[in-house]
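Examining the three-dimensional arrangement
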Amino acid sequence: MRKLSKALAFCISLSFLWAGTAQANCLMFSNQNERLVNFCLLQSVTGKLLDERTAILISQRLQREGYFGGLRSPSVTTNISPTLSYSSNINGGNPDRNLIVGGLEFEGDPSLVAKEGIVVGADFSSAYRATYREGQYLNANLSAVVSISPEHSIGYTRLNWAACSRNKIRFASYLDICANASNLNRKLSIDQTESISLSLGHLSYRSNFGFNDLGYGFQRTFFSEYEQDQAFVSLDTIHGKQWHSGLRMRLGESVTDKLVLNYGLDASVTKIIEGRQITISLSREISDGGKLLGVDRSDETTRLQVSVPIAKSLYAKVGYAKTDSTIDYFDVLEPSISLTYTW
(Lines give C-alpha, C1' and ligand atoms only; values in the text may rest on other atoms or scores of the structure.)
Protein backbone atom coordinates (compact mmCIF):
# COMPACT_ATOMS: atom_id res chain seq x y z
CA MET A 1 0.00 0.00 0.00
CA ARG A 2 2.92 2.41 0.65
CA LYS A 3 4.16 1.85 -2.90
CA LEU A 4 0.66 2.65 -4.15
CA SER A 5 0.53 5.87 -2.13
CA LYS A 6 3.93 6.95 -3.45
CA ALA A 7 2.84 6.22 -7.00
CA LEU A 8 -0.30 8.30 -6.52
CA ALA A 9 1.71 11.14 -5.01
CA PHE A 10 4.09 11.11 -7.97
CA CYS A 11 1.21 11.15 -10.43
CA ILE A 12 -0.62 13.97 -8.70
CA SER A 13 2.46 16.12 -8.00
CA LEU A 14 3.07 16.58 -11.73
CA SER A 15 1.91 19.94 -13.06
CA PHE A 16 1.05 22.23 -15.97
CA LEU A 17 -0.80 20.18 -18.56
CA TRP A 18 -4.52 20.07 -19.26
CA ALA A 19 -7.09 18.34 -17.13
CA GLY A 20 -9.23 16.90 -19.88
CA THR A 21 -12.92 16.32 -20.26
CA ALA A 22 -12.67 12.86 -18.68
CA GLN A 23 -11.88 14.39 -15.26
CA ALA A 24 -14.82 16.78 -15.57
CA ASN A 25 -17.10 13.90 -16.54
CA CYS A 26 -16.05 11.98 -13.41
CA LEU A 27 -16.72 14.89 -11.06
CA MET A 28 -20.22 15.47 -12.38
CA PHE A 29 -21.40 12.38 -10.48
CA SER A 30 -19.78 12.94 -7.06
CA ASN A 31 -23.13 12.37 -5.32
CA GLN A 32 -23.69 8.97 -6.93
CA ASN A 33 -20.63 6.94 -5.91
CA GLU A 34 -17.60 8.59 -4.27
CA ARG A 35 -15.34 5.57 -4.62
CA LEU A 36 -16.12 5.16 -8.33
CA VAL A 37 -15.61 8.89 -8.97
CA ASN A 38 -12.14 8.78 -7.39
CA PHE A 39 -11.21 5.70 -9.39
CA CYS A 40 -12.43 7.43 -12.54
CA LEU A 41 -10.30 10.50 -11.74
CA LEU A 42 -7.15 8.46 -11.13
CA GLN A 43 -7.56 6.47 -14.32
CA SER A 44 -8.18 9.67 -16.27
CA VAL A 45 -5.00 11.44 -15.07
CA THR A 46 -2.62 8.48 -15.24
CA GLY A 47 0.27 9.38 -17.55
CA LYS A 48 -0.80 13.03 -17.79
CA LEU A 49 0.53 16.22 -16.25
CA LEU A 50 -1.95 18.24 -14.22
CA ASP A 51 -2.58 21.88 -13.49
CA GLU A 52 -2.26 22.88 -9.85
CA ARG A 53 -6.00 23.20 -9.22
CA THR A 54 -6.74 19.68 -10.45
CA ALA A 55 -3.81 18.20 -8.49
CA ILE A 56 -5.06 19.78 -5.26
CA LEU A 57 -8.63 18.62 -5.88
CA ILE A 58 -7.65 15.00 -6.46
CA SER A 59 -5.25 14.87 -3.51
CA GLN A 60 -7.95 16.28 -1.19
CA ARG A 61 -10.45 13.65 -2.35
CA LEU A 62 -7.90 10.86 -1.84
CA GLN A 63 -7.07 12.09 1.65
CA ARG A 64 -10.70 11.44 2.54
CA GLU A 65 -10.06 7.79 1.59
CA GLY A 66 -6.98 7.55 3.82
CA TYR A 67 -4.19 8.32 1.33
CA PHE A 68 -1.40 10.89 1.86
CA GLY A 69 -1.74 10.50 5.62
CA GLY A 70 -5.53 10.62 5.57
CA LEU A 71 -7.57 13.21 7.44
CA ARG A 72 -5.75 14.93 10.30
CA SER A 73 -8.91 14.73 12.39
CA PRO A 74 -12.41 13.32 11.81
CA SER A 75 -14.56 15.37 9.47
CA VAL A 76 -18.11 16.34 10.50
CA THR A 77 -20.56 18.19 8.28
CA THR A 78 -24.15 19.20 9.01
CA ASN A 79 -26.99 20.65 7.00
CA ILE A 80 -30.61 21.71 7.56
CA SER A 81 -32.98 21.86 4.58
CA PRO A 82 -36.60 23.06 4.54
CA THR A 83 -38.97 20.78 2.62
CA LEU A 84 -42.43 20.98 1.10
CA SER A 85 -44.10 17.77 -0.06
CA TYR A 86 -47.29 15.82 -0.62
CA SER A 87 -48.03 12.74 1.48
CA SER A 88 -50.76 10.19 0.77
CA ASN A 89 -50.63 8.81 4.32
CA ILE A 90 -49.67 11.39 6.92
CA ASN A 91 -51.02 9.51 9.93
CA GLY A 92 -50.15 5.90 8.97
CA GLY A 93 -53.82 4.99 8.54
CA ASN A 94 -55.77 2.38 6.57
CA PRO A 95 -57.23 2.55 3.05
CA ASP A 96 -60.63 4.25 2.84
CA ARG A 97 -62.56 1.15 1.74
CA ASN A 98 -63.92 -2.09 3.14
CA LEU A 99 -61.71 -5.13 3.49
CA ILE A 100 -63.01 -8.11 1.49
CA VAL A 101 -61.15 -11.36 2.04
CA GLY A 102 -62.20 -15.00 1.94
CA GLY A 103 -65.78 -14.08 1.03
CA LEU A 104 -66.09 -11.90 4.14
CA GLU A 105 -66.43 -8.10 4.20
CA PHE A 106 -65.19 -5.91 7.03
CA GLU A 107 -66.01 -2.24 7.48
CA GLY A 108 -63.14 -0.06 8.62
CA ASP A 109 -63.10 2.47 11.45
CA PRO A 110 -63.37 6.00 9.93
CA SER A 111 -61.02 7.38 12.60
CA LEU A 112 -58.26 5.07 11.34
CA VAL A 113 -58.44 6.09 7.66
CA ALA A 114 -55.28 7.50 6.05
CA LYS A 115 -55.08 11.28 5.71
CA GLU A 116 -53.42 12.94 2.73
CA GLY A 117 -52.24 16.45 1.97
CA ILE A 118 -49.38 18.91 1.89
CA VAL A 119 -46.74 18.71 4.62
CA VAL A 120 -43.99 21.17 5.48
CA GLY A 121 -40.89 20.23 7.36
CA ALA A 122 -37.18 20.36 7.96
CA ASP A 123 -34.50 17.80 7.12
CA PHE A 124 -31.46 17.71 9.38
CA SER A 125 -28.48 15.68 8.15
CA SER A 126 -25.00 15.06 9.48
CA ALA A 127 -22.03 13.14 8.06
CA TYR A 128 -18.94 11.82 9.87
CA ARG A 129 -15.72 10.60 8.24
CA ALA A 130 -12.58 9.21 9.90
CA THR A 131 -9.64 7.57 8.12
CA TYR A 132 -7.42 4.96 9.76
CA ARG A 133 -5.34 3.35 6.98
CA GLU A 134 -4.66 3.85 3.30
CA GLY A 135 -7.91 3.17 1.48
CA GLN A 136 -9.71 2.40 4.74
CA TYR A 137 -12.13 4.70 6.53
CA LEU A 138 -15.29 4.92 8.62
CA ASN A 139 -18.27 6.76 7.20
CA ALA A 140 -21.44 7.51 9.18
CA ASN A 141 -24.58 9.45 8.31
CA LEU A 142 -27.56 10.60 10.34
CA SER A 143 -30.73 12.25 9.05
CA ALA A 144 -33.86 13.37 10.87
CA VAL A 145 -36.99 14.72 9.22
CA VAL A 146 -39.85 16.46 11.01
CA SER A 147 -42.99 17.09 8.90
CA ILE A 148 -46.26 18.81 9.81
CA SER A 149 -49.59 18.95 7.98
CA PRO A 150 -51.17 22.42 8.41
CA GLU A 151 -54.50 21.04 7.16
CA HIS A 152 -54.78 18.13 9.63
CA SER A 153 -52.62 19.57 12.44
CA ILE A 154 -50.66 16.32 12.71
CA GLY A 155 -47.20 15.30 11.62
CA TYR A 156 -44.63 12.55 11.56
CA THR A 157 -40.92 12.06 12.09
CA ARG A 158 -38.40 10.01 10.17
CA LEU A 159 -34.98 9.03 11.51
CA ASN A 160 -32.25 7.24 9.55
CA TRP A 161 -28.67 6.41 10.38
CA ALA A 162 -25.99 4.39 8.63
CA ALA A 163 -22.39 3.49 9.45
CA CYS A 164 -19.93 1.75 7.12
CA SER A 165 -16.39 0.52 7.48
CA ARG A 166 -15.04 0.82 3.94
CA ASN A 167 -11.85 -1.07 3.18
CA LYS A 168 -9.79 -1.40 0.02
CA ILE A 169 -8.20 -4.84 -0.05
CA ARG A 170 -6.42 -4.17 -3.35
CA PHE A 171 -6.09 -1.08 -5.50
CA ALA A 172 -9.37 -1.79 -7.30
CA SER A 173 -11.15 -4.14 -4.87
CA TYR A 174 -12.89 -3.50 -1.57
CA LEU A 175 -14.72 -5.02 1.37
CA ASP A 176 -17.45 -3.04 3.17
CA ILE A 177 -19.27 -3.77 6.43
CA CYS A 178 -22.34 -1.61 7.06
CA ALA A 179 -25.17 -1.16 9.56
CA ASN A 180 -28.37 0.80 8.94
CA ALA A 181 -31.51 1.69 10.86
CA SER A 182 -34.67 3.63 10.04
CA ASN A 183 -37.71 4.70 12.02
CA LEU A 184 -40.91 6.27 10.66
CA ASN A 185 -43.15 7.42 13.49
CA ARG A 186 -46.70 8.42 12.55
CA LYS A 187 -49.82 8.90 14.65
CA LEU A 188 -51.26 5.44 13.97
CA SER A 189 -48.17 3.39 13.14
CA ILE A 190 -44.45 3.00 13.75
CA ASP A 191 -42.28 1.38 11.06
CA GLN A 192 -38.82 0.39 12.21
CA THR A 193 -36.09 -1.67 10.51
CA GLU A 194 -32.41 -2.40 11.09
CA SER A 195 -29.91 -4.20 8.89
CA ILE A 196 -26.29 -5.28 8.67
CA SER A 197 -24.53 -6.09 5.41
CA LEU A 198 -21.27 -7.39 4.01
CA SER A 199 -20.29 -6.57 0.44
CA LEU A 200 -17.37 -7.16 -1.91
CA GLY A 201 -16.69 -5.10 -4.99
CA HIS A 202 -14.31 -4.41 -7.83
CA LEU A 203 -13.62 -1.26 -9.84
CA SER A 204 -12.71 -1.48 -13.51
CA TYR A 205 -12.64 0.38 -16.80
CA ARG A 206 -13.90 -0.81 -20.18
CA SER A 207 -13.25 1.46 -23.14
CA ASN A 208 -16.56 0.61 -24.78
CA PHE A 209 -18.60 0.80 -21.56
CA GLY A 210 -17.09 3.14 -18.97
CA PHE A 211 -15.89 3.13 -15.36
CA ASN A 212 -17.61 0.37 -13.37
CA ASP A 213 -18.20 -0.58 -9.76
CA LEU A 214 -19.46 -4.16 -9.55
CA GLY A 215 -20.52 -5.23 -6.07
CA TYR A 216 -22.28 -8.16 -4.44
CA GLY A 217 -23.04 -9.27 -0.92
CA PHE A 218 -25.50 -10.28 1.77
CA GLN A 219 -27.76 -8.38 4.13
CA ARG A 220 -29.63 -9.37 7.28
CA THR A 221 -32.71 -7.21 7.88
CA PHE A 222 -34.52 -7.02 11.21
CA PHE A 223 -38.20 -6.07 11.32
CA SER A 224 -40.41 -5.80 14.39
CA GLU A 225 -41.89 -9.29 13.96
CA TYR A 226 -39.35 -11.22 11.87
CA GLU A 227 -35.90 -11.25 10.24
CA GLN A 228 -34.92 -11.87 6.63
CA ASP A 229 -31.71 -12.60 4.72
CA GLN A 230 -31.19 -10.94 1.35
CA ALA A 231 -28.52 -11.27 -1.35
CA PHE A 232 -27.76 -8.45 -3.75
CA VAL A 233 -25.64 -7.52 -6.74
CA SER A 234 -25.10 -4.00 -8.05
CA LEU A 235 -23.41 -2.24 -10.94
CA ASP A 236 -22.67 1.49 -11.06
CA THR A 237 -21.19 2.95 -14.24
CA ILE A 238 -19.87 6.36 -15.27
CA HIS A 239 -20.32 6.43 -19.03
CA GLY A 240 -18.97 8.89 -21.53
CA LYS A 241 -21.03 11.85 -22.72
CA GLN A 242 -21.99 12.90 -19.21
CA TRP A 243 -24.27 10.16 -17.93
CA HIS A 244 -24.30 7.63 -15.11
CA SER A 245 -26.31 4.44 -14.61
CA GLY A 246 -27.01 2.26 -11.60
CA LEU A 247 -28.48 -1.25 -11.36
CA ARG A 248 -29.23 -3.30 -8.26
CA MET A 249 -30.95 -6.67 -7.90
CA ARG A 250 -32.11 -8.08 -4.56
CA LEU A 251 -33.24 -11.60 -3.67
CA GLY A 252 -34.90 -12.41 -0.35
CA GLU A 253 -35.48 -15.62 1.56
CA SER A 254 -39.03 -16.73 2.32
CA VAL A 255 -40.41 -16.29 5.85
CA THR A 256 -43.34 -18.43 6.98
CA ASP A 257 -46.67 -16.55 6.84
CA LYS A 258 -44.96 -13.18 6.36
CA LEU A 259 -45.21 -10.87 3.36
CA VAL A 260 -41.53 -10.37 2.47
CA LEU A 261 -39.40 -9.40 -0.49
CA ASN A 262 -38.99 -12.15 -3.06
CA TYR A 263 -36.98 -10.11 -5.52
CA GLY A 264 -36.43 -6.47 -6.38
CA LEU A 265 -34.82 -4.63 -9.27
CA ASP A 266 -33.72 -0.99 -9.03
CA ALA A 267 -32.45 1.05 -11.97
CA SER A 268 -31.44 4.68 -12.32
CA VAL A 269 -30.02 6.93 -14.99
CA THR A 270 -28.46 10.33 -14.35
CA LYS A 271 -27.79 12.69 -17.24
CA ILE A 272 -26.36 16.20 -17.41
CA ILE A 273 -28.71 18.23 -19.60
CA GLU A 274 -27.98 21.93 -20.10
CA GLY A 275 -25.92 21.96 -16.92
CA ARG A 276 -28.62 20.29 -14.81
CA GLN A 277 -28.27 16.83 -13.28
CA ILE A 278 -31.50 14.94 -13.96
CA THR A 279 -32.05 11.52 -12.41
CA ILE A 280 -34.74 9.01 -13.38
CA SER A 281 -35.21 6.04 -11.03
CA LEU A 282 -37.36 2.95 -11.59
CA SER A 283 -37.86 0.04 -9.21
CA ARG A 284 -39.97 -3.09 -9.15
CA GLU A 285 -40.53 -5.41 -6.19
CA ILE A 286 -42.30 -8.73 -5.81
CA SER A 287 -43.29 -9.68 -2.26
CA ASP A 288 -45.06 -12.88 -1.29
CA GLY A 289 -45.66 -15.38 1.53
CA GLY A 290 -48.23 -13.31 3.40
CA LYS A 291 -51.50 -14.59 4.84
CA LEU A 292 -54.60 -12.77 6.04
CA LEU A 293 -57.42 -14.82 7.56
CA GLY A 294 -55.97 -17.85 5.82
CA VAL A 295 -55.87 -16.17 2.40
CA ASP A 296 -52.52 -15.94 0.60
CA ARG A 297 -51.22 -12.48 -0.19
CA SER A 298 -48.58 -11.30 -2.67
CA ASP A 299 -47.81 -7.77 -3.88
CA GLU A 300 -46.20 -6.31 -7.00
CA THR A 301 -44.94 -2.73 -6.56
CA THR A 302 -43.57 -0.38 -9.22
CA ARG A 303 -42.08 3.03 -8.45
CA LEU A 304 -40.96 5.79 -10.82
CA GLN A 305 -39.26 9.00 -9.72
CA VAL A 306 -37.65 11.98 -11.46
CA SER A 307 -35.27 14.28 -9.60
CA VAL A 308 -34.24 17.62 -11.09
CA PRO A 309 -32.88 20.97 -9.89
CA ILE A 310 -35.36 23.71 -10.82
CA ALA A 311 -33.38 26.68 -9.47
CA LYS A 312 -30.17 27.35 -7.58
CA SER A 313 -30.25 25.20 -4.41
CA LEU A 314 -33.88 24.18 -5.06
CA TYR A 315 -34.54 20.55 -6.00
CA ALA A 316 -37.75 18.81 -7.01
CA LYS A 317 -38.69 15.13 -6.92
CA VAL A 318 -41.79 13.88 -8.69
CA GLY A 319 -42.83 10.25 -8.50
CA TYR A 320 -45.55 7.66 -8.80
CA ALA A 321 -46.02 4.31 -7.07
CA LYS A 322 -48.40 1.48 -7.87
CA THR A 323 -49.01 -1.69 -5.86
CA ASP A 324 -51.12 -4.57 -7.19
CA SER A 325 -52.03 -7.00 -4.41
CA THR A 326 -53.85 -10.33 -4.54
CA ILE A 327 -56.03 -8.78 -1.81
CA ASP A 328 -57.56 -5.67 -3.39
CA TYR A 329 -57.70 -3.82 -0.09
CA PHE A 330 -53.92 -3.33 -0.28
CA ASP A 331 -53.83 -1.95 -3.83
CA VAL A 332 -52.11 1.45 -3.95
CA LEU A 333 -51.94 4.23 -6.54
CA GLU A 334 -50.11 7.23 -5.17
CA PRO A 335 -48.27 10.23 -6.60
CA SER A 336 -45.44 11.95 -4.75
CA ILE A 337 -43.88 15.37 -5.05
CA SER A 338 -41.37 17.21 -2.91
CA LEU A 339 -39.34 20.42 -2.97
CA THR A 340 -36.11 20.74 -1.00
CA TYR A 341 -33.98 23.82 -0.51
CA THR A 342 -30.31 23.27 0.34
CA TRP A 343 -28.31 26.08 1.92
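This text goes with the structure placed above it.
Residues numbered from 1 in each chain as written. Predicted model: local features only at pLDDT ≥ 70, side-chain atom pairs only at ≥ 80, totals over all residues. Heavy atoms only, no water.

The next thing to look at is the packing of aromatic side chains. Per the stated rule, a full pass over the model turns up 5 aromatic pairs. Between Tyr-205 and Phe-211, the ring centres sit 4.5 Å apart and the planes meet at 35°, which makes this aromatic pair tilted. Every member of this aromatic cluster is reached through a ring pair, and the members are Phe-39, Phe-171, Tyr-205 and Phe-211. Over the ring of Tyr-329 we find Arg-97; its NZ or CZ atom is 5.9 Å from the centre of that ring. Above the plane of the ring of Phe-171 lies Lys-168, whose end atom (NZ or CZ) is 5.8 Å from the centre. (Phe/Tyr/Trp six-rings, centres within 6.5 Å; stacked < 30°, edge-to-face > 60°. Lys NZ or Arg CZ within 6 Å of the ring centre and 35° of its normal.)

Strand direction decides the pairing type here: strand 5 (residues 136-149) and strand 6 (residues 154-170), joined by 14 bridges, are antiparallel. Looking at strand 6, one finds that Tyr-137 is bridged to Arg-166. Linking two consecutive strands that pair antiparallel, namely strand 5 and strand 6, is a turn of 4 residues; a positive phi of about 55° is found at Ser-153 within it. Pairing between strand 6 and strand 7 (residues 173-185): 13 bridges, direction antiparallel. Across the sheet, the residue bridging to Ala-162 is Asn-180, located in strand 7. Connecting strand 6 to the antiparallel partner strand 7 that follows it, the hairpin turn spans 2 residues. (Pairing = 2+ DSSP bridges. Helix = DSSP H or I, 4+ residues; strand = E, 2+ residues; numbered from the N terminus.)

This paragraph deals with the nonpolar core. Counting residues in each nonpolar core, the largest one holds 20 residues, and the members touching the most others are Ile-58, Leu-203, Phe-211 and Ile-238. With 7 residues, helix 3 (residues 34-45) is the largest single contributor of residues to this core. Ignoring any residue separated from it by four or fewer positions in sequence, one finds Leu-203 in contact with Arg-35, Leu-36, Phe-39, Ala-172, Tyr-174, Asn-212 and Asp-213. Core analysis: the next-biggest nonpolar cluster, separate from the first, contains 5 residues, Ile-90, Val-119, Ile-154 and Tyr-156 among them. (Core = buried A, V, L, I, M, F, W, Y, C linked by side-chain atoms within 4.5 Å. Buried < 20%, exposed > 50% of the residue type's maximum accessible area, 1.4 Å probe, protein only. Contact = heavy atoms within 4.5 Å.)

Another point: the environment of Gln-219. For Gln-219, the location among the structural elements is in strand 9 (residues 210-222). C-alpha separation for the pair Gln-219 and Tyr-329, spaced 110 residues apart in sequence, amounts to 31 Å. Discounting residues that sit within four places of it in the chain, Gln-219 has contacts with Ser-195, Ile-196, Ser-197, Gln-228, Asp-229, Gln-230 and Phe-232.

Note: strand 1 (residues 75-87) against strand 4 (residues 117-133), 13 bridges, orientation antiparallel. Its bridge partner being in strand 4, Pro-82 is matched across the sheet by Ala-122. Two elements, strand 1 and strand 16 (residues 332-341), share 3 bridges in a ladder whose sense is antiparallel. Looking at the pairing, Thr-83 lines up with Thr-340 of strand 16.

Before going further, it helps to examine the environment of Asn-91. Among the structural elements, Asn-91 can be located in the loop between strand 1 and strand 2 (99-101). Judged by its relative accessible area of 3%, Asn-91 falls in the buried class. Note: C-alpha distance between Asn-91 and Glu-151 (60 residues apart in sequence) is 12 Å. Residue contacts for Asn-91: discarding those within four places in its chain leaves Val-113, Ala-114, Lys-115, Ile-154, Arg-186, Lys-187, Leu-188 and Ser-189. Among the polar contacts made by the side chain of Asn-91, one reaches the main-chain carbonyl oxygen of Val-113 at a distance of 3.1 Å. Looking at Asn-91, its side chain comes within polar contact range of the main-chain nitrogen of Lys-115, at 2.9 Å. (Polar contact = N/O pair within 3.5 Å; in protein donor to acceptor, adjacent residues only side chain to side chain.)

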